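Each chain is listed here by its residues.
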Amino acid sequence: MFARVNQWWLDRLPPAWLQAWRNLSERDRKSIQWLGAVVGLAFIYFLVWSPVSGGLDKAQNRLDRAQSEWQWLNAQVPKLENQPATPATVLLDSQSRLTAYVQQKLRAHQIFSQLSEIAPINKRNRAGIEVRFDSVKAPHFFAWLSEMEQEGVMVKALDVKPLKPGLIQAKAEFEVAS
């Protein structure tokens, strides 16, 4: 078979190259043939096998990440089912109390480190705070927001922009209770 491949290859060489090939010693021709085989295998590896293998690894990583998020979401279901039907209302009658409460809940949901800014709002008889995230995990953000609302701390304005799957940019405004 190797002789047939060798002959097929020789029939397609330009005459000058064919003459140069025939002028080489048998040992040099065998060395060049082995070198060609090694280079061919390297091309197959780098152009076919490596990209396919890398794609499989990336797909496996995405699957693992999706499964871990799914498990986290399933772990949240019993917490939601065990909550009382009537939410407890929290009275936050000053900006400092509201800020402290929001920070406490952010820490409890482990998204305080992703917080970009907490700024006071003082406009036309309206006092409150603005909570801004440049990048936050969406499930954690909405779990935090849901718990805040279940405890009676309602968002007055919400702006959410998706960044990439699972991450969002968000801004929420809360008002001090009157």
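Now for a description of the structure that goes with this document. (Residues numbered from 1 in each chain as written. Predicted model: local features only at pLDDT ≥ 70, side-chain atom pairs only at ≥ 80, totals over all residues. Heavy atoms only, no water.)

Looking at the sheet that holds strand β2 (residues 126–137)
If you trace the four strands from one edge of the open sheet to the other, you get β1-β2-β4-β3, paired in antiparallel fashion. The sheet terminates laterally at β1 (117–123) and β3 (155–164), the two strands that pair on one side only. For this sheet, the mean angle separating the axes of adjacent strands, direction not counted, is 15 degrees. Summarising the sheet, β2 and strand β4 (residues 167–175) pair through eight bridges and their orientation is antiparallel. Paired with V136 across the bridge in β4 is I168. Where helix α4 (residues 95–108) meets the sheet, it contacts β1, β2 and β4, and its direction lies at approximately 20 degrees from that of β2. (Pairing = 2+ DSSP bridges. Helix = DSSP H or I, 4+ residues; strand = E, 2+ residues; numbered from the N terminus. Axes fitted to C-alpha atoms, helices over the stretch in contact; angles between N-to-C directions. Contact = heavy atoms within 4.5 Å.)

Looking at a positive patch on the surface
Together, K58, R62, R65 and K164 make up a positively charged patch on the protein surface. Residue contributions to the positive patch peak at three residues, all from helix α3 (residues 26–81). Note that K164 resides in strand β3. Taking relative accessible area as the criterion, K164 reaches 53% and is therefore assigned exposed. (Patch = residues over 30% accessible without salt bridge, like charges linked within 9 Å, V, L, I, M, F, W, Y side chains within 5 Å. Areas by Shrake-Rupley, 256 points an atom, 1.4 Å probe, with all protein chains shown as cover. Salt bridge = Lys/Arg side-chain N within 4 Å of Asp/Glu carboxyl O. Lys, Arg positive; Asp, Glu negative; His and termini not counted. Charge placed at Lys NZ, Arg CZ, Asp CG, Glu CD. Buried < 20%, exposed > 50% of the residue type's maximum accessible area, 1.4 Å probe, protein only.)

Describing helix α5 (residues 138–150)
Spanning 13 residues, α5 covers 18 Å between terminal C-alpha atoms, matching the ideal 18 Å at 1.5 Å per step. When α5 is considered as a whole, its buried residues turn out to be A138, H140, F141, W144, L145 and M148. Against the buried residues of α5 lie α3, α4, β2, β3 and β4. Among the residues trailing α5, G152 stands out with phi positive, at a value near 90 degrees. (Expected span 1.5 Å × (residues − 1).)

Some words on the packing of α4 against α5
At their nearest, the axes of α4 and α5 sit 10 Å apart, and the two run at 135 degrees to each other. On the basis of the axis angle, α4 is oblique to α5. Between α4 and α5 lies a crossing of right-handed hand. On α5, the residues touching Y101, V102, K105 and L106 of α4 are W144, E147 and M148. Looking at the contact of α4 with α5 residue by residue, the classes come out as five nonpolar, no polar and two charged. (Parallel < 35°, antiparallel > 145°, perpendicular 65-115°, else oblique. Left-handed = near helix turned anticlockwise from the far one by under 90°. Nonpolar A, V, L, I, M, F, W, Y, C, P; charged D, E, K, R; others polar.)

Quick look at the packing of aromatic side chains
Evaluation of the coordinates by the stated rule reveals six aromatic pairs. Ring centres 5.6 Å apart and planes at 80 degrees place the aromatic pair F133 and F141 in the edge-to-face group. The exposure classification of F133 matches that of F141, with both residues buried. Ring geometry for F141 and W144: centres 5.6 Å apart, planes at 50 degrees, overall tilted. Here the residue F141 and the residue W144 both occupy positions in helix α5, the gap between them amounting to three residues, near one helical turn. For the residue pair F141 and W144, the accessibility class agrees, reading buried in each case. (Phe/Tyr/Trp six-rings, centres within 6.5 Å; stacked < 30°, edge-to-face > 60°.)

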